[in-house]
Amino acid sequence: MAARFEELAWRETPIGEISLRRRRDPSLDVDVYEVKLDDEFLMSSLFPVAEIELARLGLAPLTGDALDVVVGGLGLGYTARTALEDPRVRSMLVVEAIEDVIDWHRRDLLPFTAGLAADPRTRFVRADFFAAVAGGAGLDPESPGRRFHAVLLDVDHSPRQVLHPSHAAFYTVDGLRRLAALLHSDGVFALWSNDPPDSAFQRVLTEVFPTSVAHVVRFPNPLQGREAANTVYVARH
């Protein structure tokens, strides 16, 4: 029988101590995988709905059968795995700042994303997503200025609740214009947020993208016995 609690990985990073752990939840009779940054919980396998919907909602507006996609922030891998389930996806570039997080998936530590790293469409880039966008060369170090059909981003808690102060500039008009320059003319930028729709951020989106929608994604929270919700913003040229 597996241990009730196991720390699978731990590392000191520039933004704090990040760890991956597995625990057995006796009330739900399931193994729960969680990521913590210092003492703060970043994500849990109990609540994957919005991360899955980030990929589904972000790819839904696109047409064509050869889509090149960027996933910003790997985490537990739900967004990346769901993107690969779309047969139209030709390539997926995963930009992740922490090498250890990439290593979790190369080692298949998470059973629900097993095979993600081995998929021939997947390529990992160890980089700061926000610095890469701001730097002007783009997200693919092998092809400066490369454009994509979709960028799916899940790093910060929300545009207002960032994990590091350096991320804040991305959520401005200038920051999003730099991102938009890396999209094809009909490309999509989709963003996960833990907060309700933010009208101020939506106004910023409309200054850069002709269309944008804030989707409220609802899901049950078994720990609190109530419904919870996240937001997925989908903006398109």
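The structure reproduced in this document is the subject of the present report. Note that the coordinates shown come from a computational prediction; the quantities given were computed from them, not determined experimentally.

On to the layout of surface pockets, then. Of the volumes computed, that of the largest pocket is approximately 620 Å³. Looking at the largest pocket, it is lined by 37 residues, and the ones nearest its centre are I15, E96, A97, I98 and V155. Of all the elements in the fold, those that place two or more residues in the lining of the largest pocket are β1 (5-13), β4 (40-44), α2 (78-84), β6 (89-96), α3 (99-106) and α4 (129-135). If one sorts the elements of the lining of the largest pocket by residue count, α3 sits on top with 4 residues. Along the lines of polarity and charge, the residues of the lining of the largest pocket split into 19 nonpolar, 9 polar and 9 charged.

Among the structural elements, L76 can be located in the loop between β5 (67-72) and α2. Given the relative accessible area of 3%, L76 is considered buried. Taking the C-alpha atoms as reference points, L76 and L110, 34 residues apart in sequence, are found 7.4 Å from one another.

This structure, assessed with the given rule, holds 22 salt bridges. A salt bridge links R22 to E6, with the nearest nitrogen and oxygen atoms 3.4 Å apart. With R22 in strand β2 (residues 16-25) and E6 in strand β1, this pair connects stretches of sequence that are 16 residues apart. Residue E6 is classed as partly exposed on the basis of its relative accessible area, which comes to 35%. A salt bridge links R24 to D31, with the shortest nitrogen-to-oxygen separation between them at 3.2 Å. For R24, a relative accessible area of 29% translates into the label partly exposed. Residues joined by salt bridges that share partners form a network here, namely D68, R90, R123, D140, E142 and R146.

About the thresholds
- Residues numbered from 1 in each chain as written.
- Predicted model: local features only at pLDDT ≥ 70, side-chain atom pairs only at ≥ 80, totals over all residues.
- Heavy atoms only, no water.
- 1 Å grid on protein atoms, 1.4 Å probe; cavity = no way out; pocket = protein on both sides within 12 Å on 5 of 7 lines; lining within 4 Å.
- Points joined across faces, edges and corners; volume = space filled by probe spheres on them.
- Helix = DSSP H or I, 4+ residues; strand = E, 2+ residues; numbered from the N terminus.
- Nonpolar A, V, L, I, M, F, W, Y, C, P; charged D, E, K, R; others polar.
- Buried < 20%, exposed > 50% of the residue type's maximum accessible area, 1.4 Å probe, protein only.
- Salt bridge = Lys/Arg side-chain N within 4 Å of Asp/Glu carboxyl O.

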